[in-house]
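Listed below, chain by chain, are the residues.
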Amino acid sequence: MEDYKKKLGGLADKLKNEPPTTPIQEVHPVKEAPSLKEAEAQLNVWIPKGLLKKMKSYGLENDLSLKDINILALQFFLDNKLPAVNDQLN
């Protein structure tokens, strides 16, 4: 038992006196490149539950968020319908 205590004591002294031999990892944050992102605004709408379920399943299948689906749908609608609406107003 005494021999065991001497070994433990010797180990503690050895750890205190010797510098660590393994390198210490340094963590440096990755600098994020500034992205030119358009300012966002909030849009709240009520839609039928069936349409919401279709959107959610489409998002799961295509790895898209509901926000992404809404943006794509509105862009598609406006790109295709806007000229027709302008013609009707004139």
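Residues numbered from 1 in each chain as written. Predicted model: local features only at pLDDT ≥ 70, side-chain atom pairs only at ≥ 80, totals over all residues. Heavy atoms only, no water.

1. A look at the overall build of the protein chain
Phase 1 of the analysis: Secondary structure summary: the protein chain contains three helices and zero strands in total.
Phase 2 of the analysis: Taken from the N to the C terminus, the helices and strands of the protein chain come in the order α-α-α.
Phase 3 of the analysis: Sorting the 90 residues of the protein chain into buried and exposed places 3% on the buried side.
Phase 4 of the analysis: Accessible surface, the protein chain: about 9,600 Å² in total, of which carbon and sulfur atoms supply 59%. (Helix = DSSP H or I, 4+ residues; strand = E, 2+ residues; numbered from the N terminus. Buried < 20%, exposed > 50% of the residue type's maximum accessible area, 1.4 Å probe, protein only. Areas by Shrake-Rupley, 256 points an atom, 1.4 Å probe, with all protein chains shown as cover.)

2. Concerning the layout of surface pockets
Phase 1 of the analysis: Computed from the structure, the largest pocket encloses a volume of approximately 750 Å³.
Phase 2 of the analysis: For the largest pocket, the lining is made up of 23 residues, of which Leu 43, Lys 67, Asn 70, Ile 71 and Leu 74 are closest to its centre.
Phase 3 of the analysis: Elements supplying a minimum of two residues to the lining of the largest pocket: α2 (49-62) and α3 (66-89).
Phase 4 of the analysis: Take the lining of the largest pocket: its biggest share by element is nine residues, from α3. (1 Å grid on protein atoms, 1.4 Å probe; cavity = no way out; pocket = protein on both sides within 12 Å on 5 of 7 lines; lining within 4 Å. Points joined across faces, edges and corners; volume = space filled by probe spheres on them.)

3. Comments concerning the pattern of salt bridges
Oppositely charged side chains can pair when the atoms bearing their charge come close.
Phase 1 of the analysis: Summed over all chains, the structure comprises one salt bridge.
Phase 2 of the analysis: Between Lys 67 and Glu 40 there is a salt bridge, with its nearest N and O atoms 2.7 Å apart. Pair noted here: Lys 67 is in helix α3 and Glu 40 is in the loop between α1 (2-17) and α2, with a separation of 27 residues, a long-range link. (Salt bridge = Lys/Arg side-chain N within 4 Å of Asp/Glu carboxyl O.)

4. Observations concerning unusual backbone geometry
Phase 1 of the analysis: One non-glycine residue, Asp 63, adopts positive backbone phi at about 55°.
Phase 2 of the analysis: Inspection of the secondary structure assignment puts Asp 63 in the loop between α2 and α3.

5. Overview of a nonpolar patch on the surface
Phase 1 of the analysis: Side chains of Leu 43, Val 45, Ile 47, Leu 51 and Leu 74 sit close together on the surface and give an oily, nonpolar patch of about 450 Å² of accessible area.
Phase 2 of the analysis: Judged by relative accessible area, Leu 43 falls into the exposed class, the value being 59%. (Patch = residues over 30% accessible without salt bridge, like charges linked within 9 Å, V, L, I, M, F, W, Y side chains within 5 Å.)

6. Quick notes on the environment of Ser 65
Phase 1 of the analysis: Topologically, Ser 65 is positioned in the loop between α2 and α3.
Phase 2 of the analysis: Relative accessible area serves as the criterion here: at 34%, Ser 65 is assigned to the partly exposed category.
Phase 3 of the analysis: The spatial distance from the C-alpha of Ser 65 to the C-alpha of Met 55 is 9.0 Å, given a sequence separation of 10 residues.
Phase 4 of the analysis: Engagement of the side chain of Ser 65 in a polar contact is seen with the backbone nitrogen of Asp 68, the distance being 3.1 Å. (Polar contact = N/O pair within 3.5 Å; in protein donor to acceptor, adjacent residues only side chain to side chain.)

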